[in-house]
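Structural overview for review
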Amino acid sequence: YDRPTPAGNNRCEFNHIHHVMTDLQDGGAVYTLSNQPGTLIRSNHLHDNPGTPGGIYLDEGSGFIEVTGNLAYRVPTPMNYNNRNQDRIATCKEHDNFFDAVPDPSGAPRHLLIRAGIEPGWPRPGRQRAD
């Protein structure tokens, strides 16, 4: 976290991540480390992750990352910044997330429930992809 990284322009979008961090601490459903200019964490559905922090975790030095439109609930900390040593919190854009809200099918996060996860036609274990 204290050295330059070639990471950048990453996309973490439309994932359904749940029941992770059951035995460990110091991690999350989505985890970053170091500057990642142009990186976007968007429209992920995260829940039931008991390890701390459990949600979106921008660890030491994480900067220049946009976090938007995510749904996180039943996690100890939905959004965690741990970039105190480099003070890069100001470089991250966090907006329009739904944190600590259990989804209501009639509420705004419904689009996340529908779009996040494995796409129709994508192979599941033991099956071939339907092209």
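Each chain has its residues counted from 1, running along the sequence as written. Where totals are concerned, whole chains, interfaces and linings use all residues; where local detail is concerned, this predicted model gives features only for residues with pLDDT of at least 70, and gives and counts side-chain atom pairs only at 80 or more. Heavy atoms from the whole structure form the basis of all side-chain values; hydrogens and water molecules are not counted.

Counting from the N terminus, the helices are the DSSP runs of H or I reaching at least four residues and the strands are the DSSP runs of E reaching at least two. Each helix and strand in the protein chain was counted, giving one helix and 11 strands. Going from N to C terminus, the protein chain has its helices and strands arranged as β-β-β-β-β-β-β-β-β-β-β-α. In the protein chain, which comprises 131 residues, the share counted as buried stands at 39%. Residue pairs at least 24 apart in sequence account for 78% of intrachain contacts in the protein chain once pairs closer than 6 positions are excluded. Categorising residues by exposure relies on relative accessible area from a 1.4 Å probe, with only protein chains included: less than 20% of the type maximum marks a residue as buried, more than 50% marks it as exposed, and the intermediate range marks it as partly exposed. In this description, contact between two residues means that some pair of their heavy atoms is separated by no more than 4.5 Å.

Along the chain, Arg-74 turns up in the loop between β8 (71–73) and β9 (77–81). Residues Arg-74 and Leu-46 lie 28 residues apart in sequence; the distance between their C-alpha atoms is 8.5 Å. Contact partners of Arg-74, with chain neighbours within four places excluded, come to His-47, Asp-48, Asn-49 and Val-102. In terms of polar contacts, Arg-74 uses its side chain to reach the side chain of Asp-48, at 2.7 Å. Under the rule applied, a polar contact is a pair of N or O atoms within 3.5 Å (in protein, one hydrogen donor and one hydrogen acceptor; residues adjacent in sequence only if both atoms are side-chain atoms).

Within the secondary structure, Thr-32 is located in strand β3 (residues 27–32). Overall, the relative accessible area of 6% leaves Thr-32 in the buried class. Beyond its immediate stretch of four places on either side in the chain, Thr-32 contacts Ile-41, Tyr-57, Leu-58, Asp-59, Ser-62 and Ile-65.

Attention now moves to the sheet that holds strand β5 (residues 45–47). Strand pairing in a sheet relies on backbone hydrogen bonds. The paired strands run either parallel or antiparallel. In this analysis, strands are considered paired if DSSP registers two or more bridges between them. In spatial order, the strands read β2-β5-β8-β11; together these four strands make up an open sheet with parallel pairing. In this open sheet, the two edge strands, each paired with only one partner strand, are β2 (16–18) and β11 (98–99). Looking at chain direction, β8 and β11 are connected through two bridges and run parallel. Pairing of Leu-71 across the sheet is with Phe-98, part of β11.

Time to look at the pattern of salt bridges. When a carboxyl oxygen of Asp or Glu is within 4 Å of a side-chain nitrogen of Lys or Arg, the pair counts as a salt bridge. Throughout the structure, instances matching the rule amount to two salt bridges. Between Arg-42 and Glu-13 there is a salt bridge, and its shortest N-O distance comes to 2.3 Å. Of this pair, Arg-42 sits in strand β4 (residues 35–42) while Glu-13 is found in strand β1 (residues 11–13), placing the two residues 29 residues apart along the sequence. Residue classification places Arg-42 among the partly exposed positions, given a relative accessible area of 32%.

Any functional reading would require information that these geometric values do not contain.
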